[in-house]
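# Structure at a glance
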Amino acid sequence: MFTNILGYPRIGGHRELKKACESYWAGESTLRDLQLTAKEIRRHNWLLQQQAGIDLIPCNDFSFYDQVLDMCLTVSAIPERFHPLVEQQQFPETDLLFAMARGYQKDGYDITAMEMTKWFDTNYHYIVPEFYANQQFNLLSDKIVNECREAIQAGIQPKPVILGPVSFLLCGKEKEEGFHRIDLLKNLLPVYKKLMQQLDELNIRTIQFDEPYLSLNLTDAERKGVVYTYNELSKVTPRISILLASYFECYGENLTTVLGLPVQTIHLDLVRCSSQLDDILATDFAKSDKKLSLGVIDGRNIWKNDFENSLKLIQKAVAAIGTDRIMIAPSCSLLHVPCDLSFETALPAEIKNWLSFAKQKVEEVVALKQLATNAAGAAALLDENKQAIASRRTSPLIHKTHVKERVAAITDADAHRNSVFASRRQQQQALLKLPLFPTTTIGSFPQTADIRQLRAQLKKGSITLEAYNTAIKASTETCVRMQEELNIDVLVHGEFERNDMVEYFGEQLEGYVFTKNGWVQSYGSRCVKPPVIFGDVERKAPMTVEWTSYAQSLTNRPMKGMLTGPVTILQWSFVRDDQPRETTTMQIALAIRDEVSDLEKAGIKVIQIDEPAIREGLPLRKENWAAYLQWAVKAFKVSSCSVEDSTQIHTHMCYSEFNDIIDSIAAMDADVITIETSRSQMELLDAFADFKYPNEIGPGVYDIHSPRVPTVQEMEQLLQKAADVIPVEHLWVNPDCGLKTRKWPETKQALQNMVEAAAKARAKAGVVVA
Ligand SMILES: Nc1nc2c(c(=O)[nH]1)N[C@@H](CNc1ccc(C(=O)N[C@@H](CCC(=O)N[C@@H](CCC(=O)N[C@@H](CCC(=O)O)C(=O)O)C(=O)O)C(=O)O)cc1)CN2
Ligand code: MET
Ligand SMILES: [Zn+2]
């Protein structure tokens, strides 16, 4: 029996990589400093796993930015606009990587960044490869070989983790018409083969190819591509065994294909889908000599593993195929969980004893092997584990009868507004008296270093709550005045008091705990600290009313109340695994519903409930979509429908494709939806136009991910494009998303241009309408 880790977090226990990258980008340290930090993180991770007793230790799970982007450099999939950089003598590979990820505005260049999107159903974002018909590839970056060499020097026998050719292609996008990216396999495979030969020369004995697309519904052509790929790769060398890994779901209808591949080991995500073990053992799999990597430990969540449960699965597999063909593993890479629970010194002891972060999960993998092989002394590990599991199962901290009863008592009427949109619209117009093309923003304004520092000081106790509040109030007032001066119609308070749009609410809700150092990579150097939902969720007291009322008191214009929606709060937290996600979401929905009612009572006329993660929560397999969408939409409606007709409900979504779920978005029945559309030049809007989306809509007119200030003219053109497909009286004018990652000067200028573009659009429409 072997122990296997699919990938380990690369940010460093105290976000060393984030800090090193940002300091390098700011010109405050050298590339060598950055590389030393990276090397130290890798070494630390390898030795930690070696000392714990892991047999298959991953390498190439490190990345300065993203593993998909790394693969672009490995196979030389570099978009043409970056070629001038490649051709420069001695342009460092790491700088090229950062240029592709973040754009390059220096030395007379102005090159836009590559697109970024969600990694399956996680809150991790990857860089989207760009593909062209007949594209040629060649082995460019030595990163994989170098990292293997570095591991060997550190005394490790590493297992390189490499994004498989099929998933690499499917992760990307065609940048011209007339071909499908899967057609590029023929050109791509020689590079993978060459790489395997180089790894063979280094004495690498196992390669993990990640093919997470095997968890999705594939077309026949894509499935054929899988068969072709692994037939080809299996011929390269008999000395390397291939471990094929997919995760986040079952192999589903791809299972037969997968079992027939000439690979030596198949990894199973048994956390998301334990039934596939039965499916496999029901075939004549036992007669083969293939191994199974049993992903029994949750790589996506932070709960201590239930050893008894895992042992049942392991023993079932052992009974069928013996111990020698089994690996014990987490369900997926540990990238999605924080590094080390032992840094958490402030968690309640009882709750801390239920948790396990990356380092602890490594130990759990080893403990399970010891238990499954009856190693001496292992029994004590089981006893300890049983106690922790029992403590969580029976803890009075978790269950609240009144919360459960309230969820059970939700009626259909709770999930519907009093009147249909057309009638609500009239009442809202009478009250708000907004012009055509009303302008607004999505909520946050620049989170500058001084605001973050203020919060850090408050946490440390070096300033008082009073001093903190005074400073945040001052920022809020400045922000409100500025919006008035810019002549924006519906204002926001700026979200200066919030560390994060989910963590902020988690900190105020019962049933939640939050960590001090539970950072997880979201994209590049940006991290999030997902709060932990351990019990029934309940709102103790109003969460945003004071700040919103304060902001409203500063102005006569409508101030938008700003809340995060129940699905997004769920999706971006670590969630309970002892009840359906639907149940937890409904509890959160009721908490948000109460907040909405309190904001309304406080005189707030416009309330935005952000749901940027509603698309990301969509199950990976289509057969599960309908059930999810049904409860996700209901949760939003439960949170938003307590209000009077005259109160205007907004929602906001970003990082999403909408075409395939547009009817559910319409069913949410928000009075106004703002969406990210500018990067795709309003392409996304087609879904809303084709569907004849009934309510009002604010298609983002500028890309907030870039410091670039858009011109009046280009925003006017985008508005024109929108007006061509959406009735003008339904259109709003706003940026793509919140402005928290932006700096002040560019924000002001961009908003000024935006308001001017709206005025021009108004004048133009006025002529047509009149
Ligand atoms: N949860 C979540 N998921 C999301 C998004 C989101 O907004 N939230 N947006 C999308 C992803 N976009 C993102 C955009 C920005 C950041 C981001 O800026 N993260 C910050 C951390 C934000 C935070 O929690 N800040 C805290 C603590 C910040 C901190 O690092 N403090 C310092 C001390 C302060 C200092 O001196 O700077 C420390 O602890 O060392 C605060 O403001 O209070 C970062 O990586 O730097 C993350 C994701 C999708 N997923
Ligand atoms: C990721 S969606 C962000 C919405 C939030 N209200 C903000 O403006 O930051
Ligand atoms: Zn957004």
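Note that this is a predicted model, so its numbers are computed, not measured.

### Let's talk about the site of ligand 1
Taken together, 18 residues sit near ligand 1, with Arg 452, Arg 455, Ala 456, Asn 499 and Arg 526 positioned nearest. Ranked by the residues each element gives to the shell around ligand 1, the list is headed by helix α18 (residues 449-460), at 5 residues. Its residues assigned to classes, the shell around ligand 1 comprises 7 nonpolar, 5 polar and 6 charged.

### Quick look at the environment of Asp 33
Relative to the elements of secondary structure, Asp 33 occurs in helix α2 (residues 31-52). Taking the C-alpha atoms as reference points, Asp 33 and Ile 389, separated by 356 residues in sequence, lie 44 Å from one another.

### A closer look at the domain arrangement of the protein
Domain boundaries in the protein define domain 1 (2-8 + 45-338) and domain 2 (412-497 + 558-769). Domain 1 and domain 2 are separated by 36 Å when their C-alpha centres are compared. Each side of the interface is counted separately: domain 1 has 16 residues, and domain 2 has 12 residues. Grouping the amino acids of the side of domain 1 that touches domain 2 by side-chain chemistry returns 5 nonpolar, 7 polar and 4 charged.

### What about the UniProt feature "binding site: L-methionine" (unreviewed entry) in the protein?
Per the UniProt record, "binding site: L-methionine" (unreviewed entry) is annotated on Ile 442, Gly 443, Ser 444, Glu 495 and Asp 610. The greatest C-alpha distance among the annotated residues, which extend across 169 residues, is 13.0 Å, indicating that they converge on a single site. Looking at where Ile 442 falls in the secondary structure, it is placed in the loop between α17 (421-432) and α18. When residues no more than four places from it in sequence are discounted, the contact partners of Ile 442 are His 652, Thr 674, Asn 734, Pro 735, Cys 737 and Gly 738. Structurally, Ser 444 is set in the loop between α17 and α18. Filtering out sequence-adjacent residues up to four positions away, Ser 444 remains in contact with Gly 494, Glu 495, Gly 738, Leu 739 and Lys 740.

### Re the UniProt feature "binding site: L-homocysteine" (unreviewed entry) in the protein
UniProt tags Ile 442, Gly 443, Ser 444, Glu 495 and Asp 610 as "binding site: L-homocysteine" (unreviewed entry). Take Ile 442: there are 27 C-beta atoms within 10 Å of it, and that puts it in the buried class. As for its position among the elements, Asp 610 is in strand β18 (residues 606-610). In this view, Asp 610 contacts Met 501, Thr 564, Gly 565, Thr 568, Thr 651 and His 652; residues no more than four positions away in its chain are not counted.

### Re the environment of Leu 31
Along the polypeptide, Leu 31 turns up in helix α2. Dropping the residues within four chain positions of it, Leu 31 is found in contact with Tyr 24, Pro 92 and Thr 94.

### Points about the pairing of strand β14 (residues 520-523)
Judged from the 3 bridges that link them, β14 and strand β15 (residues 526-528) form a sheet pairing that is antiparallel. The residue bridging Gln 521 from the neighbouring strand is Cys 527, located in β15. What sits between β14 and β15 in their antiparallel hairpin is a turn of 2 residues, with Gly 524 showing a positive phi close to 50 degrees.

### Side note on the sheet that holds strand β12 (residues 326-330)
Judged by pairing direction, the sheet is parallel, and its 8 strands sit side by side in the order β1-β12-β11-β10-β9-β8-β6-β2 without closing on themselves. Of all strands in the sheet, those with a lone pairing partner are β1 (2-3) and β2 (57-59), marking the two edges. Two elements, strand β8 (residues 206-210) and strand β9 (residues 241-245), share 5 bridges in a ladder whose sense is parallel. Each residue of the ladder has a partner; that of Phe 209, found in β9, is Leu 244. Each of β2 and β6 (158-163) touches helix α6 (residues 143-153); the most contacted strand, β6, lies at about 160 degrees to it.

### Topic: the site of ligand 2
In the vicinity of ligand 2, the residues found are Ile 442, Gly 443, Ser 444, Met 501, Met 562, Asp 610, Pro 612, His 652, Cys 654, Cys 737, Gly 738 and Lys 740. Its residues placed into classes, the shell around ligand 2 shows 6 nonpolar, 4 polar and 2 charged.

### Brief notes about unusual backbone geometry
Residue Ser 76 is not a glycine yet carries a positive backbone phi of 65 degrees. Within the fold, Ser 76 resides in the loop between α3 (67-74) and α4 (83-87). Of note, the phi angle at Asn 203 is positive, near 75 degrees, even though the residue is not glycine. Among the structural elements, Asn 203 can be located in the loop between α8 (185-201) and β8.

### Let's talk about the sheet that holds strand β21 (residues 696-699)
Here we have 5 strands laid out as an open sheet, ordered β17-β18-β19-β20-β21, and parallel in their pairing. For this open sheet the edge positions go to β17 (560-564) and β21, each flanked by a neighbour on one side alone. Taken pair by pair, the neighbouring strands of this sheet meet at an average axis angle of 20 degrees, ignoring direction. Note: β17 against β18, 5 bridges, orientation parallel. The residue bridging Gly 561 from the neighbouring strand is Ile 607, located in β18.

### Details of the nonpolar core
Core analysis: the biggest nonpolar cluster contains 204 residues, and Ile 5, Leu 244, Leu 294, Ile 314, Ile 328, Leu 368 and Met 754 have the highest contact counts within it. For this core, the leading source of residues is helix α23 (residues 581-601), giving 8 residues. In terms of domain composition, this core takes at least three residues from each of domain 1 (2-8 + 45-338) and domain 2 (412-497 + 558-769). Apart from residues lying up to four places away in sequence, Leu 294 is in contact with Leu 268, Leu 270, Leu 313, Ile 314, Ala 317, Ile 326, Met 327, Ile 328 and Ala 329.

### As for the packing of helix α12 (residues 307-321) against helix α14 (residues 358-372)
Between two packed helices, the angle of one axis relative to the other and the distance separating the axes together describe the packing. The contact between α12 and α14 brings their axes to 10 Å, and the two run at 55 degrees. As far as their axial angle goes, α14 and α12 are oblique. As for how α12 packs across α14, the hand of that crossing is right-handed. In this structure, α12 contributes Phe 307, Ser 310, Leu 311, Ile 314 and Val 318 to the contact, and α14 contributes Leu 368, Leu 371 and Ala 372.

### Focus: the confidence of the model for the protein
Detail in the predicted coordinates should be disregarded across regions flagged by low pLDDT. On average, residues of the protein score 96 in pLDDT, and 99% of them are at 70 or above. Taking the mean pLDDT of every element in the protein, the minimum, 88, falls on helix α26 (residues 685-691) and the maximum, 99, on β8. Across the whole predicted complex the pTM is 0.95, and at the interface the ipTM reaches 0.96.

### Structural notes on α6
Of all the residues in α6, the buried ones are Lys 143, Ile 144, Glu 147, Cys 148 and Ala 151. Along the axis of α6, the buried positions cluster into a sector of 130 degrees, meaning they face one direction only. Opposite its buried face, α6 presents the exposed residues Asn 146 and Gln 153, each directed more than 90 degrees away. Each element contacted by the buried residues of α6 is listed here: α2, β2, α3, β6 and α8. Looking at the residues trailing α6, positive phi occurs at Gly 155, about 85 degrees.

### Considerations on the packing of α8 against helix α9 (residues 220-234)
One can describe the packing of α8 onto α9 by two numbers: an axis separation of 10 Å at closest approach and a directional angle of 30 degrees. Regarding the angle of α8 to α9, the classification is roughly parallel. For the pair α8 and α9, the crossing hand works out as right-handed. Mapping the contact onto sequence places Leu 185, Leu 189, Tyr 192, Lys 193 and Met 196 in α8 and Gly 225, Tyr 228, Thr 229, Glu 232 and Leu 233 in α9. A breakdown of the residues in the contact of α8 with α9 according to their chemical character gives 6 nonpolar, 2 polar and 2 charged.

### A short note on α2
The terminal C-alpha atoms of α2 lie 32 Å apart, and with 22 residues this matches the ideal 32 Å at 1.5 Å per residue to within 8%. Those residues of α2 not exposed but buried are Ala 38, Ile 41, Arg 42, Asn 45, Trp 46 and Gln 49. What you see down the axis of α2 is that its buried residues fit within an arc of 120 degrees, all on one side. Residues Arg 32 and Gln 51 are exposed on α2 and point more than 90 degrees away from its buried face. Where α2 is buried, its residues meet α1 (16-25), β2, α6 and α14. Once α2 ends, the next one or two residues include Gly 53, with phi positive near 100 degrees.

Conventions and cut-offs
Residues numbered from 1 in each chain as written. Chains lettered and ligands numbered in written order. Predicted model: local features only at pLDDT ≥ 70, side-chain atom pairs only at ≥ 80, totals over all residues. Near = placed C-beta within 6 Å. Helix = DSSP H or I, 4+ residues; strand = E, 2+ residues; numbered from the N terminus. Nonpolar A, V, L, I, M, F, W, Y, C, P; charged D, E, K, R; others polar. Domains from an automatic or database assignment. Contact = placed C-beta atoms within 7 Å. UniProt positions renumbered as here; feature names shortened; annotations may be inferred. Buried ≥ 20, exposed ≤ 12 C-beta atoms within 10 Å, placed from the backbone. Pairing = 2+ DSSP bridges. Axes fitted to C-alpha atoms, helices over the stretch in contact; angles between N-to-C directions. Core = buried A, V, L, I, M, F, W, Y, C linked by C-beta atoms within 7 Å. Parallel < 35°, antiparallel > 145°, perpendicular 65-115°, else oblique. Left-handed = near helix turned anticlockwise from the far one by under 90°. pLDDT = per-residue confidence, 0-100. Arc of directions from axis to C-beta. Expected span 1.5 Å × (residues − 1).

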